[in-house]
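# Structural description and commentary
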Amino acid sequence: MRLSRYFLPVLKENPAEAQIVSHRLMLRAGMIKQQAAGIYSWLPLGYKVLKRIEQIVHEEQVRAGHIPLLMPTLQPADLWRESGRYDDYGQEMLRIKDRHERDMLYGPTNEEMITDIFRSYVSSYKQLPLTLYHIQWKFRDEVRPRFGVMRGREFLMKDGYNFDLTKEDALHAYNRHMVSYLRTYERMGLTAIPMRAASGPIGGDNTHEFLVLAQTGESEVFYDAKVPDLKLGERAVDYDNRDEVAAICEEFTTLYARTDETHDEAVFNQIPEERRMVGRGIEVGQIFYFGTKYSESMGATVVTPDGNRVPVEMGSHGIGVSRLLGALIEANHDDKGIIWPEGVTPFHVGIVNLKQGDTATDAACEAIYKALQGRGLDPLYDDREDRAGAKFATMDLIGLPWRITVGPRGLANNVVELTCRRTGESEEMSATAAVERIVKIYEAH
Ligand code: P5A
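The following refers to the structure shown. (Residues numbered from 1 in each chain as written. Predicted model: local features only at pLDDT ≥ 70, side-chain atom pairs only at ≥ 80, totals over all residues. Heavy atoms only, no water.)

## Comments concerning the pattern of salt bridges
According to the stated counting rule, one finds 30 salt bridges in the structure shown. With its nearest N and O atoms 2.8 Å apart, the salt bridge here joins Glu60 to Arg63. Of the two residues, Glu60 and Arg63 both sit in helix α2 (residues 44-63), three residues apart, roughly one turn of that helix. Residue classification places Glu60 among the buried positions, given a relative accessible area of 0%. Lys370 serves as the salt-bridge partner of Glu366, at 3.5 Å between the closest nitrogen and oxygen. Here the residue Glu366 and the residue Lys370 both occupy positions in helix α11 (residues 359-374), the gap between them amounting to four residues, near one helical turn. Classification of Glu366 as partly exposed rests on a relative accessible area of 24%. (Salt bridge = Lys/Arg side-chain N within 4 Å of Asp/Glu carboxyl O. Helix = DSSP H or I, 4+ residues; strand = E, 2+ residues; numbered from the N terminus. Buried < 20%, exposed > 50% of the residue type's maximum accessible area, 1.4 Å probe, protein only.)

Below is the structure:
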């Protein structure tokens, strides 16, 4: 993409309404625009990152054996009357009447609708196990929408639902989700810690939240200092192998890590004092096992191998896809702007032309731009006529992890400059070498 033709409405001033750094940077970098409290337009740069996050979420769900579908945002109230949640959900639910005076709602979650789909088509244990998921907009009329996309009213969620014959099978699905979530967050360059939590309006008593440590997080967290060092890394996981999956869950949940909702001071105090950490975290996902809570009330049953009919065992699992942008920025920024991890960056590399209009410099930039595209990469070429300082400031603000700077002085010596956004370190090399270096960096992502 050429910046002269892109739509990147960056702001020079700090927006007064933004209280936390991720919100401020998303507004300044022209990623989102607020349309109403907690409701945002996703401008091109923000939309690009959102799509990259979605793609990683999809890939890891499919890898775990889960099947994508798409349910609507609007739901009939009658489904929710069946489960009893239409009255329970309270003011967070946005209720709508259509022209025929039928009660509808903008879905805050989809347990009822997926259970309805299941009961319409599945009636035998032979069709199990089954896990269906979608990535769809949700609406929760939060009392205090704030911090930009972090606590929105309209927000994008990946929500998945497992259907199993036995509790044991459903707990394997729970574990499978835990491991696939760990892998998902790691691919984005995030450390998200599974913490024992409370289930709230979703129900059930087996639930973990995934928290990214950040000062600006809304939850208070208590954890063993060793927990953030746990990494899944490159290990290959066989998601059908129950013991293997359960062992990984044990590895990640044995050390103390809880939110304030489940914190137990006595247990916490058993950890050596120097490892007792108290901090704040951003909840980027939550998994639930709730058994037959919905299948019983909505009549979603299956015939067992010995011919009985039983309510299907279920759980649900959510990732805050749009919230992840905020969490990623909270975890990756400096005073100049965002620093995207390679796994989610909107463009792989920025090209800064220091002397737009100079024939040799323009030609060198074009050649680098084309070469990168030819290798399947997506560069952002700043081809505007602007001061070098202003170009650098924009690149730093929008946070591309790598920058290639091209100017007449360097070209006289056959070099360009390759700069790492995170460390600020620059290296001179030939244009070809810079392209090869970028290709190599992204081979790993
Ligand atoms: C699990 C999937 C559920 O709704 N039902 C379907 C279950 N869980 S949850 O914890 O309530 O939400 C899942 C994740 O969605 C994100 N989230 C939000 N993101 C932005 N703004 C909001 N107002 C908001 N509310 C929830 C969180 O990341 C949460 O973990």
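## Description of helix α14 (residues 431-443)
Every α-helix winds through 3.6 residues per turn, so residues three or four apart in the chain are directed the same way. The terminal C-alpha atoms of α14 lie 19 Å apart, and with 13 residues this matches the ideal 18 Å at 1.5 Å per residue to within 8%. Within the span of α14, buried status applies to Ala434, Val435, Ile438, Val439, Ile441 and Tyr442. When α14 is viewed along its axis, its buried side chains cluster within an angular range of 160 degrees and face the same direction. Facing away from the buried side of α14 by over 90 degrees, the exposed positions are Thr432, Lys440 and Glu443. Each element contacted by the buried residues of α14 is listed here: β19 (349-353), α11, β21 (402-406), β22 (416-420) and β23 (426-429). (Expected span 1.5 Å × (residues − 1). Arc of directions from axis to C-beta. Contact = heavy atoms within 4.5 Å.)

## A look at the side chain of His23
Summarising the element assignment, His23 is placed in helix α1 (residues 21-28). Here His23 is in contact with Glu17, Ala18, Ile32, Tyr40, Phe147 and Gly148, once residues within four sequence places are set aside.

## Brief notes about the nonpolar core
In globular proteins that are soluble, nonpolar side chains generally tend to be buried together. Counting 76 residues, the largest nonpolar core has Met31, Ile53, Tyr185, Phe210 and Val284 as the members making the most contacts within it. Take this core: its biggest share by element is seven residues, from helix α6 (residues 167-187). If we ignore the near neighbours within four places in the chain, the residues touching Met31 are Met26, Ser41, Trp42, Leu43, Leu45, Gly46, Val49, Leu325, Ile329, Ile338 and Trp340. With 26 residues, the next largest nonpolar core counts Tyr89, Met93, Ile114 and Leu130 among its residues. (Core = buried A, V, L, I, M, F, W, Y, C linked by side-chain atoms within 4.5 Å.)

## Describing the site of the ligand
Near the ligand, the surroundings consist of 23 residues, among which Glu111, Arg140, Glu142, Gly152 and Glu283 are the closest. Within the side chain of Arg140, an N or O atom sits 2.8 Å from an oxygen atom of the ligand. In the environment of the ligand, an oxygen atom lies 3.5 Å from a nitrogen or oxygen atom belonging to the backbone of Gly320. Taken by itself the ligand offers 590 Å² of open surface, and the protein chains cover 96% of this. In terms of residue count, the dominant contributor to the shell around the ligand is strand β13 (residues 276-291) (five residues). Partitioning the shell around the ligand into residue classes produces eight nonpolar, eight polar and seven charged. (Near = heavy atom within 4 Å. Polar contact = N/O pair within 3.5 Å; in protein donor to acceptor, adjacent residues only side chain to side chain. Areas by Shrake-Rupley, 256 points an atom, 1.4 Å probe, with all protein chains shown as cover. Nonpolar A, V, L, I, M, F, W, Y, C, P; charged D, E, K, R; others polar.)

## Comments concerning unusual backbone geometry
Each neighbour pair has its own omega, and for Leu128 with Pro129 the value is 0 degrees, a cis peptide bond. Within the secondary structure layout, Pro129 lies in the loop between α5 (111-121) and β7 (130-139). Backbone geometry places Glu101, a non-glycine residue, at a positive phi of 65 degrees.

## Thoughts on the pairing of β7
Within β7, nine of the ten residues are buried, which leaves it mostly tucked inside the rest of the structure. Pairing geometry for strand β3 (residues 67-68) and β7, over two bridges, is parallel. Note that in β7 the partner of Ile67 across the bridge is Leu132. (Pairing = 2+ DSSP bridges.)

## Observations regarding the packing of aromatic side chains
The final tally for this structure, using the stated rule, is twelve aromatic pairs. Centroid distance Phe222 to Phe268: 5.8 Å. Interplanar angle 85 degrees. Geometry classified as edge-to-face. One end of the pair, Phe222, is in strand β11 (residues 219-224); the other, Phe268, is in helix α8 (residues 265-268), with 46 residues separating them in the sequence. Accessibility assignment for this pair places Phe222 and Phe268 in one class, buried. Through a chain of ring-to-ring contacts, three or more aromatic side chains come together here, namely Tyr181, Tyr185 and Phe210. One Lys or Arg, Lys48, reaches over the ring of Phe347 and ends 4.1 Å from the middle of that ring. The positively charged end of Arg95 is found above the aromatic ring belonging to Tyr86, 4.6 Å away from the centroid. (Phe/Tyr/Trp six-rings, centres within 6.5 Å; stacked < 30°, edge-to-face > 60°. Lys NZ or Arg CZ within 6 Å of the ring centre and 35° of its normal.)

## Structural notes on the side chain of Arg183
Position of Arg183 among the secondary structure elements: in helix α6. When residues no more than four places from it in sequence are discounted, the contact partners of Arg183 are Glu60, Arg63, Leu232, Gly233, Arg235, Ala236, Val237 and Tyr239.

## Some points on the packing of α1 against helix α10 (residues 321-331)
Packing of α1 against α10 brings their axes to within 8 Å, and their N-to-C directions diverge by 105 degrees. With respect to their mutual orientation, α1 and α10 come out roughly perpendicular. Contacts from Val21, Ser22, Leu25 and Met26 in α1 reach Leu325, Gly326, Ile329 and Glu330 in α10. (Axes fitted to C-alpha atoms, helices over the stretch in contact; angles between N-to-C directions. Parallel < 35°, antiparallel > 145°, perpendicular 65-115°, else oblique.)

## Describing α6
For α6, spanning 21 residues, the distance from its first C-alpha to its last is 30 Å, which sits close to the expected 30 Å at 1.5 Å a residue. Counting buried residues in α6 gives 16 out of 21 residues, a clear majority hidden from the surface. In the segment just after α6, Gly189 is the residue with positive phi, at about 80 degrees.

## Here we look at the environment of Asp334
For Asp334, the position within the fold is in strand β17 (residues 333-334). Asp334 sits in the partly exposed class, given a relative accessible area of 26%. When the C-alpha atoms of Asp334 and Gly399 are compared, they prove to be 9.6 Å apart, with 65 residues separating the residues in sequence. Ignoring anything within four residues of it in the chain, the contact list for Asp334 reads Ile339 and Arg421. In terms of polar contacts, Asp334 uses its side chain to reach the side chain of Arg421, at 2.8 Å.

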